[in-house]
Amino acid sequence: MSDSEEGMDEAASDIEVEMNEAASDSEVEMDEAASHAAALKRLKSKDPDFYKFLNENEKSLLNFEESVCEKSEDDESDEEDVDEFEVDEEESEAIDPEKILSLKEQIRDTPTAKLCKDLILSFKAVVCQSVGLSNKVDMSKSEFFNDIIKLCLIDLVPALYKVLNLSASDKKSVDPTKSKAWKKVQTHVKKYLIDMLKVISIMKESSVIVPILKHVVHLIPFYSVSKLLIKNLLKRVISLWSGEEETVRVLALIIIIRATKKLPKEHHGQVLKEMYFAYIKNTKFTSPSTWPMINFMKRSLTEIYSLNLEIAYEHAFIYIRQMSIHLRNAITIKQKEAFQTVYNWQYTHCILLWSHLLCRFVEHEPLKSLIYPLVQTTIGVINLIPTDKYIPLRFHLARALMHISESTGIFIPVLPLILDVLKIVDFNKNSRFSIRPVDLSCALKVTKAQQQEAGFKDSCIFDLCSLVVDYLKCYSNSIGFPELALPVVMQFKSFMKQCKVSKYKQQLKTVLLKIEENSLFISEKRKLVSFSITDNGQVKKWEEDVHTEGTPLMQFKKEARKVVEVVMDMPLKKKRKHS
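Residues numbered from 1 in each chain as written. Predicted model: local features only at pLDDT ≥ 70, side-chain atom pairs only at ≥ 80, totals over all residues. Heavy atoms only, no water.

**Observations regarding the overall build of the chain**
Part 1: Helix and strand counts for the chain stand at 27 helices and zero strands.
Part 2: Among the 579 residues that make up the chain, the fraction classed as buried is 47%.
Part 3: Taking as baseline every contact in the chain between residues at least 6 positions apart, the subset at least 24 positions apart corresponds to 73%. (Helix = DSSP H or I, 4+ residues; strand = E, 2+ residues; numbered from the N terminus. Buried < 20%, exposed > 50% of the residue type's maximum accessible area, 1.4 Å probe, protein only. Contact = heavy atoms within 4.5 Å.)

**What about the pattern of salt bridges?**
Part 1: Following the criterion strictly, the structure yields 12 salt bridges and no others.
Part 2: In this structure, the salt-bridge partner of Lys124 is Asp195, at a minimum N-O distance of 3.1 Å. Here Lys124, found in helix α6 (residues 113-130), pairs with Asp195, found in helix α8 (residues 182-202); they are 71 residues apart in sequence, far enough to count as distant. Per residue, the accessibility class of Lys124 equals that of Asp195, and both read buried. (Salt bridge = Lys/Arg side-chain N within 4 Å of Asp/Glu carboxyl O.)

**So, the confidence of the model for the chain**
Part 1: Averaged over every residue, the pLDDT of the chain is 81; the share at 70 or more is 76%.
Part 2: Taken as a whole, residues 89-94 scores under 50 in pLDDT and shows eight contacts with residues more than four places along the chain or in a different chain.
Part 3: When the criterion is pLDDT under 50, residues 563-579 qualifies, and its contacts beyond four places in sequence or with other chains add up to zero contacts. (pLDDT = per-residue confidence, 0-100.)

**Concerning helix α26 (residues 536-549)**
Part 1: For α26, spanning 14 residues, the distance from its first C-alpha to its last is 20 Å, which sits close to the expected 20 Å at 1.5 Å a residue.
Part 2: Within the span of α26, buried status applies to Val539, Trp542 and Val546. In a view along the axis of α26, the buried residues occupy a sector of 65 degrees, so they form one face of it. The exposed residues of α26 that point more than 90 degrees off its buried face are Asn536, Lys540 and Thr548.
Part 3: Trailing α26 by a residue or two, Gly550 shows a phi angle of about 100 degrees, which is positive. (Expected span 1.5 Å × (residues − 1). Arc of directions from axis to C-beta.)

**Quick notes on the packing of aromatic side chains**
Part 1: What the rule picks out here adds up to 16 aromatic pairs.
Part 2: Consider the rings of Phe123 and Tyr192, whose centres lie 5.0 Å apart with planes at 65 degrees: the pair is edge-to-face. Separated by 69 residues along the polypeptide, Phe123 in helix α6 and Tyr192 in helix α8 bring together distant segments of the chain. Per residue, the accessibility class of Phe123 equals that of Tyr192, and both read buried.
Part 3: Clustering of aromatic rings is evident, with ring pairs tying together Tyr276, Phe277, Tyr305, Tyr319 and Trp354. (Phe/Tyr/Trp six-rings, centres within 6.5 Å; stacked < 30°, edge-to-face > 60°.)

**Focus on the packing of helix α10 (residues 227-241) against helix α11 (residues 246-262)**
Part 1: The interhelical angle for the contact between α10 and α11, taken along N-to-C directions, is 150 degrees, at an axis separation of 9 Å. On the basis of the axis angle, α10 is roughly antiparallel to α11. Between α10 and α11 lies a crossing whose hand is left-handed. Counted together, Ile230, Leu233, Leu234, Val237, Ile238, Leu240 and Trp241 of α10 and Val248, Arg249, Ala252, Leu253, Ile255, Ile256, Ala259, Thr260 and Lys262 of α11 form the full contact between these two elements.
Part 2: For the contact of α10 with α11, the per-class residue count stands at 13 nonpolar, one polar and two charged. (Axes fitted to C-alpha atoms, helices over the stretch in contact; angles between N-to-C directions. Parallel < 35°, antiparallel > 145°, perpendicular 65-115°, else oblique. Left-handed = near helix turned anticlockwise from the far one by under 90°. Nonpolar A, V, L, I, M, F, W, Y, C, P; charged D, E, K, R; others polar.)

**Re α10**
Part 1: Taking 1.5 Å as the rise per residue, α10 with 15 residues should run 21 Å; its terminal C-alpha atoms sit 20 Å apart, in good agreement.
Part 2: Burial of α10 is extensive: 11 of the 15 residues sit out of reach of the surface.
Part 3: Looking at α10, one finds that the buried residues are Leu228, Leu229, Ile230, Asn232, Leu233, Leu234, Arg236, Val237, Ile238, Leu240 and Trp241.
Part 4: Where α10 is buried, its residues touch α8, α9 (206-223), α11, α12 (268-281) and α13 (291-305).

**A few points about the side chain of Ser355**
Part 1: As for its placement among the helices and strands, Ser355 is situated in helix α16 (residues 345-360).
Part 2: We classify Ser355 as buried; its relative accessible area is 2%.
Part 3: Separated by 2.9 Å, the side chain of Ser355 and the backbone oxygen of Leu352 make a polar contact.
Part 4: Excluding residues within four positions of it along the chain, Ser355 makes contact with Leu374, Ala400, His403 and Ile404. (Polar contact = N/O pair within 3.5 Å; in protein donor to acceptor, adjacent residues only side chain to side chain.)

**Regarding the environment of Ser239**
Part 1: Within the element layout of this structure, Ser239 appears in helix α10.
Part 2: It is 9.3 Å that separates the C-alpha atoms of Ser239 and Ser201, two residues lying 38 residues apart in sequence.
Part 3: Polar contacts involving the side chain of Ser239 include one to the main-chain carbonyl oxygen of Arg236, which spans 2.5 Å.

**Points about the environment of Phe395**
Part 1: By secondary structure assignment, the location of Phe395 is in helix α19 (residues 391-408).
Part 2: With 68 residues separating them along the chain, Phe395 and Asp463 place their C-alpha atoms 7.7 Å apart.
Part 3: With sequence-adjacent residues up to four places away left out, Phe395 is seen in contact with Val421, Leu440, Cys460, Asp463, Leu464 and Leu467.

Here it is as structure tokens:
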């Protein structure tokens, strides 16, 4: 047996366990449905006029077993229910477990529409029995269950491609409806797709979900024949994209991208809105373990927005405006509740998302027009409560502004926002001893106890120097660098005169020397210039030449990064054993 088949065996066993756990929930739903049906029968006999009114105006209340999703024009004739399994009594009785061995051999060698139908019915039978909806057929043997699941996950799609005479080489443009044999398998394939959606919704373990999602990736051309089905597929996969382990998230993203491309553009807005809300929901709490997932969601959501930039502009405009309204309320009301609507992780990650998106599509003029309101909102948030308690938030938002400035080429005065830390924090005040620096990377604020620790001040100075170098490095090849860096030089020198802590003075001095070296480097280069400062074309070419040559700050940043990488890669020292 091959490794892939062994993996499918394990997945099938896990699926069987998951199905059994879902059986009790399905029984409760069936009881509720039965009681609802009985109530409707009593209503029909007691008050036939009201029953007639419901039948004419609110038919969905009577047809309670139908799907609650809106059906497209193409699906009006279909009785597709993506929320419940439909048990067909005649088909369930027709399933014979003894025929599975012959079915397994035939569907691989000479697949036909009837063999595909039999396999789909077998899958429906095992699934229905596993969730407690059918007792007609004995599917209790785990070996038989595994065989059915394996056959579906491995052999069903290739068999359908052969039956429908579809090209497997170009799966992105496959359209099953163009096949003459589609009508023979249409009904059963749609039932299989609905059952697969239910299976996705009740699975919990990633080891089970991964093989199913790999199978669903190949089923996307079949899901795309119905807007109802593909919408429900996206709804279920978005929940996996926003809350599972890495492999599941990546597979979910592949399905979302391919399925969204199959939808008409007018339906993209709803998909992106659901993804945005899922992103917001998962950013409420941020830690070193959740930060990679949030970054993945931010980048992948940006890629989905690239499929429809009109929708991207619409959403960005609405949600940036919403953030600015929250900020205005916090400024005017000045109450704790108003401040909390702004100073939280969800608001911060919204700024990070939209800044990333605007940098990604800066060439798109409508989106580029939103940079100014986003920057103004971000600066307003930083200045809302300018205390040492919220310095971590200040650093996060300053990095977002620097990213915008570097990616778009728009000058943003970020330096004053960074240098204000030297005034906000009293570095001369006696501090309590701390074993290690306070980690500001996954924090928005610090406690009073942390503010009194030396580790907090160490982190402030380190991050401040890092941000100043990162910002000035972007302009280190600019012809006006000496004038841009002058406020930093003056403020660093002023702080070093007043500061009594030698290690802080030494850190600032190291950065100051590199800034002055870069200023001298640019000044010497400027002396050789023969063109006018107003000649923008010549200035741009000169700056590109300097960037290619390299600057002292660029070299300094490169060396600092190497040092950090070496320290991160060093193995931990083993403790000596004492007798």
